[in-house]
Amino acid sequence: MALRLYNTLSAKVEEFRPIEDNQVRMYACGPTVYDYGHIGNFRTFVAVDVLRRFLRQSEFNVRHVMNITDVDDKIIRNAARDGVGVKQYTAKYEKAFLEDAAALNIEQPILARATDHIPEMAKFIAELARKGFAYRAEDGSYYFRIAKFPAYGKLSKKDFAGMEDGARVDVDEYDKDNARDFALWKAPKPGEASWETSIGPGRPGWHIECSVMSMEELGETFDLHAGGEDLIFPHHENEIAQSEALTGKPFAHFWFHARFLLVEGEKMSKSLGNFFTLRDLVLKGHKPSSIRFLLASVPYRNQLNFTFDGLKQAATSVDRLRNFRMRLATSQFPAGANPAMAELACESGERMKAGMEDDLNTAQAQAAIFDMVRAANAAMDSGQLKKEDAAPLLAALEKFDEIFAVLKDDDAPKMKAIYDWAKAEGREKDVSQELLDAIRAQQLSDADIETKIAEMEQARRARNFKLSDAIRAELAAAGILVEQTKEGVRWRRK
RNA sequence: GGCGCGGUACCCAAGUGGUAAGGGAGAGGUCUGCAAAACCUUUAUACGUCGGUUCGAUUCCGACCCGCGCCUCCA
């Protein structure tokens, strides 16, 4: 079997085969850095990350480029509002975005910033103009002439056949030959950021940066282009038009789009009060791993209903997996091997792979791993799991985590960093008790904890339960959970 | 209005032409000094509604209701 993905361009699930052997070249539309990223943004980025990770697990080399759009209308407006330069304004949000992505264990792609590629954009536009696909308006703006590109609409399945070249349909856009023509280059306006280029002063239109940077990093034709579903039209349609008009070659083979999420059953919007940035959620005390797990749980083409109840459930699920790994890694098992366990691990791995290969069915992959966890836990309880069985089971779990990336228990330092940010930004009032609880466990060092636990064990052996319970309570209050098991003591930070 | 997606148990959510994965939550039980973890049992006889095709549909077709997306830079 091989990976099958839904391709927006063909509107079908197709086998994914890169142009060049096992080399995948993919481009994902990244953030416009005008504000903090919200969970809707991160659903898309997590989906792309899951794709990237699974491609790599499938033994592809992945060259993954993502743009940072650091100039656009909102950025210019907000920077002016704050009285700072565009660069200064975007630097803050770019940094925040990268931190948030890292907190969600999103692997960092090769980054490409729009403002670093202005001269190339000008060159690209000049070439389009030379070929007749672009024209200059009176004010110095450039537009793409859609009528010259008959395939326009092939991605978004829109029919623009009725449009005629030269028809002036929109009086407000008198500069354009056709209302559908889109801006490649915007003439400067007073007070706005502007660049001097070979095609004159101004700033780039919205779509041009992705065409220029993707081709520069990946070539004229590459394997896969990703983004949120809203980008299908006009953004990606326009990218195709520009790029294919310029080169006469197909732009990207696969178009991958992640569906929008709902929050508590409704579209996320500021007016509904259900609009959350990643940082908002962490301030409420939710772990980055819970958020990632929830975002990755629902296959990327389905609407995901993001709820606080779901977030709690995700946290519990992640704990279950972490507990399982800890038990497997730290327990003493009887010598030998139980062939059924290796078989279980193998079978789970295959089910997981089959699920992922089916258009990244993450829900199926999860079902496979949870089935394995239950069966292996039962085997441990009944003594059927032997010493040599741990390794293959752990390996299957690691395989799962190469995609889901939630097992490593490093939530607390990430939450602490966001706590520090909130203080620096004067947002202490948004810090929840839950967040304080979550980061409190960081205050005791491992050595301190081990010492306490040694005291506790000594008290237990002496059957001084009053003292041991007091120590347990003390540690619990500090966010440390101690477990006594047949194989000895284990502890973890809650 | 045009194009597209979805409606599965208390919640989240897979899936299939032959009567339903997984997680969470609830109930009961095992284990246990306490706690935690874990395991077992249990929780959908209309899988939005109404028709149709079929030996048989939740799965295919049609209509309807509801939710969602794009169609003016929102991932």
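Not measured: the values here are computed from a predicted model.

Caption draft 1: Molecular detail of the sheet that holds strand β6 (residues 134-136). With antiparallel pairing, 5 strands are arranged side by side in an open sheet as β6-β7-β8-β10-β9. Bordering the open sheet on either side are β6 and β9 (195-197), each of which pairs with just one other strand. Taking the axes of each pair of neighbouring strands and ignoring which way they run, one obtains an average angle of 40 degrees across the sheet. Its contacts with the sheet place helix α6 (residues 232-247) against β7 (142-144) and β8 (182-186), and it is angled at close to 70 degrees to β8.

Caption draft 2: Local environment of the confidence of the model for chain A. Summarising the model, chain A shows a mean pLDDT of 93, and 97% of its residues fall at 70 or more. Of the regions scoring below 50 in pLDDT, residues 163-173 engages in 14 contacts with residues more than four places distant in sequence or in other chains.

Caption draft 3: Focus on the packing of aromatic side chains. Overall, the coordinates contain 21 aromatic pairs when judged by the stated rule. Here Phe256 and Tyr300 contribute two aromatic rings whose centre-to-centre distance is 4.3 Å and whose plane-to-plane angle is 20 degrees, an arrangement assigned as stacked. Within this pair, whereas Phe256 is found in strand β12 (residues 252-258), its partner Tyr300 is found in the loop between α8 (288-297) and β15 (304-306), the two being separated by 44 residues in sequence. Each member of the pair, Phe256 as well as Tyr300, carries the same accessibility label: buried. Ring-pair connections join several aromatic residues into one group, and the members of that group are Phe133, Phe144, Phe149, Tyr152, Phe182 and Phe233. The aromatic ring of Phe133 is capped on one face by Lys148, whose charged end is 5.2 Å from the ring centroid. Directly above the aromatic system of Phe275 lies the positively charged group of Lys270, at a separation of 4.7 Å from the ring centroid.

Caption draft 4: Structural view of the pairing of β12. In terms of burial, β12 is largely enclosed, as 6 of its 7 residues are buried. Bridge analysis of strand β11 (residues 222-228) against β12 gives 6 bridges, and the strand direction is parallel. Within β12, the position partnered with Gly227 by the bridge is His257. Taking the sense of rotation as the criterion, the β-α-β connection linking β11, α6 and β12 turns out right-handed.

Caption draft 5: Local environment of empty space enclosed by the protein. A full pass over the atoms with the stated rule returns 4 cavities of 30 Å³ or more. Space inside the largest cavity adds up to approximately 70 Å³. Of all the secondary-structure elements, those providing two or more residues to the lining of the largest cavity are α1 (39-57) and α8. Examining the composition of the lining of the largest cavity, we find that 4 residues originate from one element, α1, more than from any other. In the lining of the largest cavity, the residues fall into 9 nonpolar, 1 polar and 1 charged. Residues from two domains meet in the lining of the largest cavity; each of domain 1 (4-258) and domain 2 (266-404) gives at least three.

Caption draft 6: Just the packing of helix α4 (residues 118-130) against helix α5 (residues 208-218), in detail. Direction vectors running N to C along α4 and α5 enclose 100 degrees, while the axes themselves pass 10 Å from each other. Taken together, the axes of α4 and α5 are roughly perpendicular relative to one another. Residues Glu120, Met121, Phe124 and Ile125 of α4 pack against Ile208, Glu209, Ser211, Val212, Met215 and Glu216 of α5. Taken together, the residues of the contact of α4 with α5 break down into 6 nonpolar, 1 polar and 3 charged.

Caption draft 7: The domain arrangement of chain A, seen in detail. Domain boundaries in chain A define domain 1 (4-258), domain 2 (266-404) and domain 3 (441-493). Relative placement of domain 1 and domain 2: their C-alpha centres are 34 Å apart. Taken together, the contact pairs 30 residues of domain 1 with 32 residues of domain 2. Between domain 1 and domain 2, roughly 2700 Å² of surface is buried when both sides are summed, and carbon and sulfur atoms account for 65% of that area. Three residues stand out in domain 1 for area buried against domain 2, namely Ile39, Arg43 and Phe54, and they jointly supply 28% of the buried area on that side.

Caption draft 8: Structural view of the sheet that holds β11. Spatially, the 5 strands line up as an open sheet ordered β5-β4-β3-β11-β12, and their pairing is parallel. The open sheet has two edge strands, β5 (110-113) and β12, and neither has a second partner. Averaged over all adjacent pairs, the angle separating strand axes in this sheet is 25 degrees, with direction ignored. Note that strand β3 (residues 23-28) and strand β4 (residues 61-68) share 6 bridges and pair parallel. Bridge pairing in β4 links Val24 to Val62. Of the strands in this sheet, β11 and β12 are in contact with α6, which crosses β11 at around 160 degrees.

Reading the values: the criteria
Residues numbered from 1 in each chain as written. Chains lettered and ligands numbered in written order. Predicted model: local features only at pLDDT ≥ 70, side-chain atom pairs only at ≥ 80, totals over all residues. Heavy atoms only, no water. Pairing = 2+ DSSP bridges. Helix = DSSP H or I, 4+ residues; strand = E, 2+ residues; numbered from the N terminus. Axes fitted to C-alpha atoms, helices over the stretch in contact; angles between N-to-C directions. Contact = heavy atoms within 4.5 Å. pLDDT = per-residue confidence, 0-100. Phe/Tyr/Trp six-rings, centres within 6.5 Å; stacked < 30°, edge-to-face > 60°. Buried < 20%, exposed > 50% of the residue type's maximum accessible area, 1.4 Å probe, protein only. Lys NZ or Arg CZ within 6 Å of the ring centre and 35° of its normal. Right-handed = clockwise from strand over helix to strand, strands pointing away. 1 Å grid on protein atoms, 1.4 Å probe; cavity = no way out; pocket = protein on both sides within 12 Å on 5 of 7 lines; lining within 4 Å. Points joined across faces, edges and corners; volume = space filled by probe spheres on them. Nonpolar A, V, L, I, M, F, W, Y, C, P; charged D, E, K, R; others polar. Domains from an automatic or database assignment. Parallel < 35°, antiparallel > 145°, perpendicular 65-115°, else oblique. Buried area = accessible area lost by both parts, 1.4 Å probe.

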